Each structure stands twice: as structure tokens, then as C-alpha cells.
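Architecture at a glance
Below, each chain spelled out in residue letters.
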Amino acid sequence: MTTHKHIFRDPVCGMTTEDPGAFTAYDQDGETYYFCSDHCLARFKENPHIADKATEVHHEHGHNHSHG
Ligand SMILES: [Zn+2]
């Protein structure tokens, strides 16, 4: 049997931990989010969509700043 390590990620500040006891768990819409501090949890409660932003695939936008 292998021990599967799970990384918990704070969607607000992006901090990660392998110890769920170190983070504060919070359930929203059937999803469990983990926060490094009450401060981050409070921010998440104010802006729940912050998690969507954090979990979306990061890709570069080709902004064309054409200074001519
Ligand atoms: Zn945090």
C-alpha cells in the first residue's frame, strides 16, 4: 500500500501544506477548501469566486501592447 500525499492549497494566497490539520477547512457548495489562516478564510467568504480564479488554468494572454 502506498501512502498518497495530498497537497492542500489555500485558494486565496496560494499557500500549500501536506498537513490538513495545519489549515482551516471550509465547505462551500460541496467543495472543501483549506485556508492557512482565518484571514484568508474571511477573504474567501467575501469573495467566493476567488477560488475559481485560483484554480483556473494559468495561461498567458497575448496582450499586444503596441506603442507606435
Ligand atoms: Zn492563506
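What you see is a predicted model, and the numbers here were worked out from it, not measured in a lab. (Residues numbered from 1 in each chain as written. Predicted model: local features only at pLDDT ≥ 70, side-chain atom pairs only at ≥ 80, totals over all residues.)

1. A look at the nonpolar core
- One finds Val12, Phe23, Tyr33, Tyr34, Phe35, Cys40 and Phe44 forming the largest nonpolar core, which totals seven residues.
- Per-element accounting of this core gives the leading share, three residues, to strand 4 (residues 31–35).
- When near neighbours in sequence (up to four residues on either side) are disregarded, Cys40 contacts Asp10, Val12, Cys13 and Phe35. (Core = buried A, V, L, I, M, F, W, Y, C linked by C-beta atoms within 7 Å. Buried ≥ 20, exposed ≤ 12 C-beta atoms within 10 Å, placed from the backbone. Helix = DSSP H or I, 4+ residues; strand = E, 2+ residues; numbered from the N terminus. Contact = placed C-beta atoms within 7 Å.)

2. Looking at the pairing of strand 3 (residues 24–28)
- Summarising burial for strand 3: zero of the five residues are buried, a small minority.
- Counting the residues between successive antiparallel strands, the hairpin from strand 3 to strand 4 contains two residues, one of them, Asp29, with a positive phi of roughly 50 degrees. (Pairing = 2+ DSSP bridges.)

3. Quick word on the pairing of strand 4
- With five bridges connecting them, strand 3 and strand 4 associate as antiparallel partners. The residue bridging Gln28 from the neighbouring strand is Glu31, located in strand 4.

4. Describing unusual backbone geometry
- A positive phi is found at Asp29, a non-glycine position, where the angle reads about 50 degrees.
- Secondary-structure assignment places Asp29 in the loop between strand 3 and strand 4.
- Judged by C-beta crowding, with 7 C-beta atoms within 10 Å, Asp29 ranks as exposed.

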